[in-house]
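Coordinate analysis (summary)
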Amino acid sequence: MRADKLVGMAAIAALLSACGGDGDSTSSFTAAPPSSSVSVPTPTPTPTTGNTSNPAQCSLVARQQWVLEELEEWYLFPALLDRTVVPSQHSTLQSYIDALTAPARAEQRDRFFTYVTSIEEENAYYNSGETAGWGIRLNFSYADGLLVRDAFEGAPGFEAGLDRGDVITGIGTSAGTIRSIGTIRASGGTQAVQEALGPSTPGTSRTFRVDQSRRLAGGSPNAIITAVKADYALQPVSPRFGTEILTAKDGSEFGYVHLRTFIGSAEEPLLNAFQEFKAAGIERVALDFRDNGGGLVYVGALMGDLMGADKAGQVFTRQSFRPSKAANNDEISRFRPLVQSIAPTSLAIIGTSRTASASEMVANAFPPFLGDDAALIGGNTYGKPVGQIALDRPACDDRLRVVAFQVENADGEGEYYSGLGDTMPVYCRASEDIFSPLGTASEAMIAEAGRFLTGGAAACSATSAPSHGANAGRRPETPLPPQPTVAQRDLPGLY
């Protein structure tokens, strides 16, 4: 799909990611390259100072009017816009947007996927992963504290000693002010915990009490770690475990890719991974999307190209706009094999309720070709078959992400609002082993993927579809903070 030509304007680009106020969304930056491209353009930075010559242009009233006009023109569900909303009753632009789209949310069509963000911040993130914080992903629902699900290499949290499998049991601004997570929760629930973690501003320092005994042999159950938030470049493919050739229990090999998010800097490691798979003769692949909320459409299309050596010219995905914008429906993404491309005979998608948008798009694209040789492994996905376009107001550094199209595969399947567990040919249920490292054939969900890839559905530990609508309307286990960064929208639980 040509994301730079979706609506005939370079300023409008397509996105599929998990964000908004709920944990799922789509994302992209201006003028994204075609799916066969292997380079990423450098966006021109947008001023964040606003319009100093005409401040009224960036007043809340003016911005609300702009939002309403754009939604009236582009919103995928125009009949579900609440036009009775009174702008003056909303003190923030996002609150106004949420009120306008409330009817669509009630029907599980737009679960906070329409939102306003910063042009400059979004361009920096989607181009090279630039964001600020500790670079750790936290699970708030873990009973014993905040469970570290992942730690990004080169980011402050990882450098301070935090990693997957650690449990943060206390937070303070110094060792002497640490309060237990239980005490903080009792004082104000999740919001109080988020406040204790502090803003994403570089320089924000916190001291943690951490149980590392389950991750590290001989690790302390009460380690004291201080980490300072800073700017860093998020690595979408881990250099430690992001791509591997793993050996299943029967001794056969399969390719493994763990993609954290669909951003431009994922291209090179993905190309390198599939070049390695091709050289090794890999015919079976596991894509680990367990925490991947989505991102750039064209990076998803690149993944399709890399697994479409035998599908040149065939439909990867289609996009369907509202009837008044149906002229854009001819934007079809077709497989465009690259020199690194392979032709997998079976594909396992590792997913959870945090798996959304572009991740679901890639998974949904392959059943028409692989049938029962395509499976969802783990848990049901979030259910976001819609994508956003970017509508910019540079004078105010405003980018409005509007749900404007639905994504369908070659068979026209795109109604997975309740998650892919209802639509994938095979669904093998498996629980995650959070205390096992990723990129290893022994981790529970990866092991299940290996069983399917080598023995088909009959080899799965448990196969069944979820109850219909299992994830419909649910909020993520880690709610977004009050003012989330672009990265936090795509990666719920990122701090």
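To keep things clear, this report deals only with the structure shown in the data block. Quantities reported herein were computed from a predicted structural model and do not represent experimental measurements. (Residues numbered from 1 in each chain as written. Predicted model: local features only at pLDDT ≥ 70, side-chain atom pairs only at ≥ 80, totals over all residues. Heavy atoms only, no water.)

Before going further, it helps to examine the overall build of the chain. A tally of regular secondary structure across the chain gives 12 helices and 21 strands. Within the chain, buried positions represent 59% of all 495 residues. Restricting the contact set of the chain to residue pairs at least 6 apart, pairs at least 24 apart contribute 74%. Carbon together with sulfur atoms contributes 50% to the accessible area of the chain, which is approximately 17000 Å² in total. (Helix = DSSP H or I, 4+ residues; strand = E, 2+ residues; numbered from the N terminus. Buried < 20%, exposed > 50% of the residue type's maximum accessible area, 1.4 Å probe, protein only. Contact = heavy atoms within 4.5 Å. Areas by Shrake-Rupley, 256 points an atom, 1.4 Å probe, with all protein chains shown as cover.)

Attention now moves to the nonpolar core. Among the nonpolar cores identified, the biggest contains 84 residues, and Phe-77, Leu-287, Met-303, Val-362 and Phe-366 are the most heavily contacted of them. Among the elements that line this core, the one with the most residues is helix 8 (residues 297–306), at 7 residues. If we ignore the near neighbours within four places in the chain, the residues touching Val-362 are Phe-262, Leu-287, Phe-289, Gly-300, Met-303, Met-307 and Phe-316. (Core = buried A, V, L, I, M, F, W, Y, C linked by side-chain atoms within 4.5 Å.)

Looking now at the state of the cysteines. Taken as a whole, this structure holds 2 disulfides when the rule is applied. What pairs with Cys-58 in a disulfide is Cys-396, and their sulfur atoms sit 2.0 Å apart. Because the sign of the S-S torsion sets the handedness, a value of about -95° for the bond joining Cys-58 and Cys-396 places this disulfide among the left-handed ones. Here the residue Cys-58 occupies a position in the loop between strand 1 (14–16) and helix 1 (60–74), and Cys-396 occupies one in the loop between strand 19 (386–393) and strand 20 (398–408), the gap between them amounting to 338 residues. Disulfide pairing is shown between Cys-428 and Cys-460; the S-S distance is 2.0 Å. (Disulfide = S-S within 2.5 Å.)

Attention now moves to the packing of aromatic side chains. When we look at a pair of aromatic rings, we describe it by the centre distance and by the angle of the planes. Under the criterion given, the structure shown has 13 aromatic pairs. A ring pair is formed by Phe-113 and Tyr-382, whose centres lie 6.5 Å apart and whose planes are at 65°; its orientation type is edge-to-face. Of this pair, Phe-113 sits in the loop between helix 3 (102–106) and strand 2 (115–118) while Tyr-382 sits in the loop between strand 18 (374–378) and strand 19, placing them 269 residues apart in sequence. When sorted by exposure, Phe-113 lands in the same class as Tyr-382, which is buried. Both rings, one in Tyr-142 and one in Phe-435, keep their centres 6.4 Å apart while their planes meet at 70°; by these two values the pair is edge-to-face. In this pair, Tyr-142 is assigned in the loop between strand 4 (136–139) and strand 5 (146–151) and Phe-435 in the loop between strand 21 (426–429) and helix 11 (444–455), connecting sequence segments 293 residues apart. Using a relative accessible area of 27% as the deciding quantity, one classes Phe-435 as partly exposed. Members of the aromatic cluster, each reached through a chain of ring pairs, are Phe-316, Phe-335, Phe-366 and Phe-369. One cation-aromatic arrangement involves Lys-229 over Trp-134; the distance from NZ or CZ to the ring centre is 4.2 Å. For Lys-325, the ring lying beneath its charged end belongs to Trp-74, and the centroid distance is 3.9 Å. (Phe/Tyr/Trp six-rings, centres within 6.5 Å; stacked < 30°, edge-to-face > 60°. Lys NZ or Arg CZ within 6 Å of the ring centre and 35° of its normal.)

Before going further, it helps to examine the pattern of salt bridges. Taken as a whole and judged by the stated rule, the model has 23 salt bridges. When the shortest N-O distance is used, the salt bridge between Arg-401 and Glu-122 registers 2.6 Å. Here the residue Arg-401 occupies a position in strand 20, and Glu-122 occupies one in helix 4 (residues 119–128), the gap between them amounting to 279 residues. Linked through salt bridges whose partners overlap, the residues forming this network are Arg-149, Arg-164, Asp-288, Arg-290, Asp-291, Arg-354, Glu-432 and Glu-443. (Salt bridge = Lys/Arg side-chain N within 4 Å of Asp/Glu carboxyl O.)

Purely geometric numbers; function is a separate question.
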